[in-house]
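The chain contents come next:
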Amino acid sequence: FGNLVTNLRAEDVKDARGFYVKGREFPLVKAYAEVKLGETLSIIGSFRTLELSVRNGSAAEILNIKRGDIEIELEVIR
């Protein structure tokens, strides 16, 4: 779907409520169903790392980030 998988571990972001990336808010949720279709979210994925996603969409597409891009800047929402 175009999730952006980070190297931030679950324990690194446990106090965050979400993130801003390129001016878009990605609330930290436990399940995709917590947001409406097409909305952004952040979630701890199966490898226990932070992923940025869009429910039934592509975070990579809306942020214009391609495979191999090394760095993105996250602003933590506490």
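Residues numbered from 1 in each chain as written. Predicted model: local features only at pLDDT ≥ 70, side-chain atom pairs only at ≥ 80, totals over all residues. Heavy atoms only, no water.

Caption draft 1: The arrangement of the overall build of the protein chain in detail. Helix and strand counts for the protein chain stand at one helix and six strands. Across the protein chain, helices and strands are ordered from the amino to the carboxyl terminus as β-β-β-β-β-α-β. Computed over its C-alpha atoms, the radius of gyration of the protein chain comes to 11 Å, within 12% of the 12 Å expected for a compact globule of 78 residues. The principal-axis extent of the C-alpha atoms belonging to the protein chain is close to 30 × 25 × 25 Å. Put simply, 51% of the contacts in the protein chain that link residues at least 6 apart link residues at least 24 apart. Only carbon and sulfur atoms are counted for the fraction: they give 47% of the accessible area of the protein chain, which is about 5,500 Å². (Helix = DSSP H or I, 4+ residues; strand = E, 2+ residues; numbered from the N terminus. Rg over C-alpha atoms; globule rule 2.2 N^0.38 Å. Contact = heavy atoms within 4.5 Å. Areas by Shrake-Rupley, 256 points an atom, 1.4 Å probe, with all protein chains shown as cover.)

Caption draft 2: Seen up close, the pattern of salt bridges. For the structure shown, the criterion picks out two salt bridges. Glutamate 11 is paired through a salt bridge with arginine 9; the nearest N and O atoms lie 3.3 Å apart. Since its relative accessible area comes to 48%, glutamate 11 is described here as partly exposed. A relative accessible area of 43% means that arginine 9 is categorised as partly exposed. Across the pair aspartate 12 and arginine 9 runs a salt bridge, and its minimum N-O distance is 3.1 Å. Take aspartate 12: its relative accessible area is 41%, and that puts it in the partly exposed class. Among the charged side chains, a salt-bridge network with shared partners connects Arg9, Glu11 and Asp12. (Salt bridge = Lys/Arg side-chain N within 4 Å of Asp/Glu carboxyl O. Buried < 20%, exposed > 50% of the residue type's maximum accessible area, 1.4 Å probe, protein only.)

Caption draft 3: Region of the structure containing the side chain of serine 53. In this structure, serine 53 sits in strand β5 (residues 49-54). Note on serine 53: relative accessible area 0%, which makes it buried. Within the structure, serine 53 has its side chain in polar contact with the side chain of asparagine 3 (distance 2.8 Å). (Polar contact = N/O pair within 3.5 Å; in protein donor to acceptor, adjacent residues only side chain to side chain.)

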